[in-house]
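Listed here are the chains, written in short residue letters.
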Amino acid sequence: MSTTPTKRITDIGPPHYQKFMHPLVKKNYGKWKYHESPQPGVLCHVSETGDRIYSVRAATPRLMSIQSIRKFAELADKHSGGYLRFTSRNNVEFLLDNPDHIEPLKKDLFAAGFPVGGTNNAISNIVHTQGWVHCHSAATDASGIVKSVMDALYDRFTHQNMPAKLRIALACCLNMCGAVHCSDIAILGVHRVVPKVNQTQVPRVCEVPTLIASCPTGAIRPTTIDGKPNVEVIDQQCMFCGNCFTVCPAMVMNDPENDGLSIWVGGKVSNARSEPKFSKLAIPYLPNNPPRWPEVVAAVVNIVDVYAKNARKYERMGEWIDRVGWPRFFKLTGIEFSRYHIDDFKHAGLTYARSTHVKY
Amino acid sequence: MANGSNGKPKTELLDELEKGPWPSFVKEIKQACETSDSSKDLLGQLELSYKQKIGHWKHGGIVGVLGYGGGIIGRYSDVPEQFPKVAHFHTMRINHPAGWFYNSEALRTICDIWERHGSGLTNMHGSTGDIILLGTTTPELEPTFQELTHAGFDLGGSGSAVRTPNACVGMARCEWACFDTLKMCYDTTQNYQDELHRPAFPYKFKFKFSGCPNDCVASIARADMSVIGTWKDDIQQDDAEVSKYAAAGVDIQKDVCDLCPSKCMAWDGKKLKIENSDCVHCMHCINVMPKALRPGKERGAVILLGSKAPIVQGALLSSVLIPFVPADELFDTLKELVTRIWDFWDENGTNRERVGELIQRVGLPAFLDAIGLDPVPEMVSAPRDNPYIFYQTKKEGGDE
């Protein structure tokens with residue numbers, strides 16, 4: 001069925017942010033005074049006017065069918081005057097002016113398969129990328145690992161019993177559409193073999209100077225094949241970032257046997273207490289093992305459990321590690337420290353230990 | 001591909017991911033199969049990926065709608081003979097309402113359009129913030145786009161353009177917003193429609209607006225221009241409420257004072273004293289006691305620049321450009337600054353070089369000269385510790 005309208009409209013930008021907003025939210029815009037956390041998954045914001053808005057937060061799988069979105073619309077009509085919002089971590093939040101609807105809404109959400117939680121010191125939903133569902137450069141799937149990890153951490157989503165917030169993110173290659181580089185725990189898909197250059201394709205589909213310039217380590221060298229400009233790769237200089245593949249499809253990166261996952265820990269974006277920081281390498285490689293990626297799930301659960309047991313209240317993963325030190329992190333988690341943990345890219349020396357401060 | 005019931009492919013591996021308590025994306029794809037044949041082929045192709053441990057999407061291609069250079073990501077299957085319904089399966093990025101506020105009618109409108117024209121699969125939302133409509137064919141792009149704009153929605157950004165700006169929930173539902181993040185996001189998006197829809201930059205440029213230093217949209221890690229709310233005057237303090245938190249079991253000394261990064265707080269068991277001139281505005285004490293402590297009244301934002309993920313030259317966090325801009329001057333300051341930054345980037349940026357990488361390459365001092373900002377100590381964690389200084393020799397006649 002085609003319902004193409006005749007008049008063409010462009011460059012209108014997004015709908016105004018107040019267009020679909022709950023009337024109580026609009027009324028108290030800029031007037032919120034404080035908030036309370038009555039129970040996991042529920043926040044209550046109180047306005048200077050005395051008005052209260054209750055947010056009931058539930059997890060979504062991010063990959064949503066229109067059927068499930070319509071279900072949310074139905075639940076919003078039933079419980080929250082038709083109003084809801086989504087969060088920056090792929091949760092849905094129903095906005096209620098009547099607290100009597102909290103329990104019935106929760107019941108409906110759990111029954112529909114969308115658990116309520118993710119607030120305060122719970123593990124919130126995992127921010128993630130497309131993976132094999134919809135990406136050409138993915139070294140792994142995203143949704144499958146997220147599902148498997150969160151199945152294992154389910155109780156930590158529905159309860160607020162962590163020392164502090166714990167943010168997990170997953171990106172299926174170094175492009176990091178999910179920008180996982182500042183997460184408490186980052187799961188990052190990695191390629192580990194040099195691009196296989198399809199030299200017959202290169203002159204047809206790629207601009208050779210752009211391709212050469214795309215390599216951060218200068219590993220791509222110009223050459224001539226059959227009188228046409230082409231490229232070759234200096235294997236030793238390649239660190240598998242995949243940028244060449246992004247600019248030239250003839251630089252094939254995907255490799256079923258060698259692609260896999262790495263785990264990074266201790267990053268944060270919030271300025272609370274300590275400054276924002278990057279996640280650091282914990283585990284350089286785990287295999288791609290669909291459909292449930294047991295090695296990845298076990299590794300993440302182990303890190304979460306060790307952190308939960310050892311960190312002090314309010315200490316984020318990175319703050320805990322800063323206090324106890326990296327040697328103890330590796331000891332407590334039982335993760336092997338290897339040559340891959342020592343940086344050898346730009347500014348690498350800044351991460352070498354430059355004192356005699358050693359714990360025994 | 002062997003078919004199971006209802007024309008859905010057999011998916012022994014993916015079926016495993018319907019088990020367990022967490023919401024299942026496999027269930028979502030199967031639901032979408034009720035209204036879309038392309039979702040059936042998506043399911044089949046994904047099962048093949050799970051078997052072979054490799055993706056089956058070809059490198060993108062250039063597709064779009066008339067007059068736009070972005071907003072659509074071309075996607076083609078590399079096994080189209082097996083899965084013809086996903087031979088093309090393009091993504092549409094739809095600019096979301098700031099703060100991701102919807103009513104049920106708006107959601108149904110989007111669903112109805114997407115049922116008519118696409119796979120029925122979405123992301124709510126993509127990493128940058130857009131509504132992602134996942135999977136349609138080239139001929140459906142223009143009709144989908146036209147229906148969307150008639151319903152009040154427009155495409156988001158892709159490629160070397162301004163990407164869909166994003167903001168935290170802000171004043172709509174948070175007491176800590178030090179500027180109106182949703183308004184800033186909306187105004188910025190409207191102001192740069194051309195730059196958003198028609199890629200003309202060396203690479204992408206992202207804006208993210210966080211209302212306070214908790215930075216709920218990861219502005220400092222994920223935006224080229226990070227605008228993060230803060231305040232200049234004293235933390236608003238309600239002593240009676242502080243006492244109530246203490247009585248309710250908050251260990252003010254241990255949980256608040258000892259964790260203050262600038263050690264600007266003292267608790268004598270009765271009264272919390274804050275030396276506000278030493279406060280770095282980290283939010284910890286306010287996070288712990290939201291009823292007792294609030295950001296001050298003189299509000300605005302820090303403008304930082306340059307963060308990005310690793311590709312190409314390594315990941316960066318944004319760094320301070322202007323330590324404080326009053327809330328009511330924020331939009332004008334941003335526009336002025338952005339013009340000067342883009343001019344320099346256009347002139348000097350190489351292909352796929354983000355602004356942060358350009359600054360790394362030319363050095364912050366040269367960048368500041370170029371955009372006409374004076375250096376201030378807030379821009380650095382410490383002055384340089386190496387003596388290799390590019391002294392600028394005085395020219396004849398006085399001026400440097």
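Structural data are supplied above this passage.
Residues numbered from 1 in each chain as written. Chains lettered and ligands numbered in written order. Predicted model: local features only at pLDDT ≥ 70, side-chain atom pairs only at ≥ 80, totals over all residues. Heavy atoms only, no water.

A.B. asks: Got a minute to help me understand the sheet that holds strand β8 (residues 168-171) of chain A in this structure?
C.D. replies: Backbone hydrogen bonds hold the strands of a sheet together, and the pairing may be parallel or antiparallel. Residues and elements named next belong to chain A. The sheet built from 5 strands is open, its strands ordered β7-β8-β9-β14-β15 with mixed pairing. If you trace the sheet from one side to the other, it starts and ends with β7 (127-128) and β15 (280-287), each paired once. Strand direction decides the pairing type here: strand β9 (residues 185-190) and strand β14 (residues 260-265), joined by 6 bridges, are antiparallel. In the sheet register, Val190 faces β14, and the bridge partner there is Gly260. (Pairing = 2+ DSSP bridges. Helix = DSSP H or I, 4+ residues; strand = E, 2+ residues; numbered from the N terminus.)

A.B. asks: For this particular structure, what's the right way to read the packing of helix α4 (residues 143-152) of chain A against helix α9 (residues 294-310) of chain A?
C.D. replies: Helix-helix packing: each pair is described by the crossing angle between the helix axes and the interaxial distance. Residues and elements named next belong to chain A. α9 packs onto α4 with a crossing angle of 45° between their chain directions and a minimal axis gap of 9 Å. By the angle between their axes, α4 is oblique relative to α9. As α4 runs across α9, the sense of the crossing is right-handed. Contacts between α4 and α9 involve Ile145, Ser148, Val149 and Ala152 from the first element and Val296, Val297, Val300 and Val301 from the second. Residue composition of the contact of α4 with α9, grouped by class: 7 nonpolar, 1 polar and no charged. (Axes fitted to C-alpha atoms, helices over the stretch in contact; angles between N-to-C directions. Parallel < 35°, antiparallel > 145°, perpendicular 65-115°, else oblique. Left-handed = near helix turned anticlockwise from the far one by under 90°. Contact = heavy atoms within 4.5 Å. Nonpolar A, V, L, I, M, F, W, Y, C, P; charged D, E, K, R; others polar.)

A.B. asks: In this structure, what is going on with the sheet that holds strand β3 (residues 52-59) of chain A? I would like to understand it.
C.D. replies: Read across the open sheet, the 6 strands follow the order β1(A)-β2(A)-β3(A)-β6(A)-β5(A)-β5(B); overall the sheet is antiparallel. Only two strands of the sheet have a single partner each, and these edge strands are β1 (32-39) of chain A together with β5 (101-103) of chain B. Each strand of the sheet is rotated relative to its neighbour by a mean of 30°, with strand direction disregarded. As defined by bridge partners, strand β5 (residues 83-86) of chain A adjoins strand β6 (residues 91-96) of chain A across 3 bridges and the pair is classed as antiparallel.

A.B. asks: Would you explain the state of the cysteines in this entry?
C.D. replies: Put plainly, two cysteines are in a disulfide when a covalent bond ties their sulfur atoms together. Enumeration over the complete set of coordinates arrives at 1 disulfide over all chains. Two residues share a disulfide in this structure: Cys206 of chain A and Cys248 of chain A, whose sulfurs sit 1.9 Å from each other. Measuring the twist about the S-S bond at about 75°, one finds the Cys206 of chain A-Cys248 of chain A disulfide to be right-handed. One end of the pair, Cys206 of chain A, is in the loop between α6 (202-205) and α7 (208-213); the other, Cys248 of chain A, is in the loop between α8 (243-247) and β13 (251-252), and 42 residues separate them in sequence. This pair shows no difference in class: Cys206 of chain A is buried, exactly as Cys248 of chain A is. Considering cysteine sulfurs only, Cys212 of chain B is the nearest to Cys178 of chain B, which forms no disulfide, with 6.5 Å between them. Note on Cys178 of chain B: relative accessible area 2%, which makes it buried. Lacking any disulfide linkage, Cys264 of chain B is separated from the closest cysteine sulfur, that of Cys260 of chain B, by 3.8 Å. (Disulfide = S-S within 2.5 Å. Buried < 20%, exposed > 50% of the residue type's maximum accessible area, 1.4 Å probe, protein only.)

A.B. asks: Before we go on, may I ask you to explain the packing of α9 of chain A against helix α10 (residues 317-324) of chain A in this structure?
C.D. replies: Residue and element names in this part refer to chain A. One way to put it is that α9 packs onto α10 with a least axis distance of 11 Å and a crossing angle of 65°. Taken together, the axis directions place α9 and α10 in an arrangement best described as roughly perpendicular. Between α9 and α10 lies a crossing of left-handed hand. Of α10, the residues touching α9 (which contributes Ile303, Val306, Tyr307 and Asn310) are Met317, Trp320 and Arg323. The class makeup of the residues in the contact of α9 with α10 is 5 nonpolar, 1 polar and 1 charged.

A.B. asks: Where do I start with the pairing of β3 of chain A in this structure?
C.D. replies: All names here are of chain A. The element β3 is largely enclosed, with a buried count of 7 among its 8 residues. Counting the residues in the hairpin turn of strand β2 (residues 42-47) and β3 gives 4 residues, including Gly50, whose phi is positive at 95°. By the bridge criterion, 6 bridges tie β3 to β6 in an arrangement that is antiparallel. The residue bridging Tyr54 from the neighbouring strand is Leu96, located in β6.

A.B. asks: Teacher, can you tell me more about the pattern of salt bridges here?
C.D. replies: Close approach of charged atoms allows side chains of opposite charge to pair. For the structure on display, the rule yields 41 salt bridges over all chains. Glu319 of chain A serves as the salt-bridge partner of Arg273 of chain A, at 3.1 Å between the closest nitrogen and oxygen. With Arg273 of chain A in the loop between β14 and β15 and Glu319 of chain A in helix α10, this residue pair connects regions lying 46 residues apart in the sequence. Here Arg273 of chain A and Glu319 of chain A have matching classes, each one buried. The residue Lys271 of chain B makes a salt bridge to Asp239 of chain B at a minimum N-O spacing of 2.7 Å. With Lys271 of chain B in the loop between β12 (265-267) and β13 (272-274) and Asp239 of chain B in helix α9 (residues 239-247), the pair connects residues that are 32 residues apart, well separated along the chain. (Salt bridge = Lys/Arg side-chain N within 4 Å of Asp/Glu carboxyl O.)

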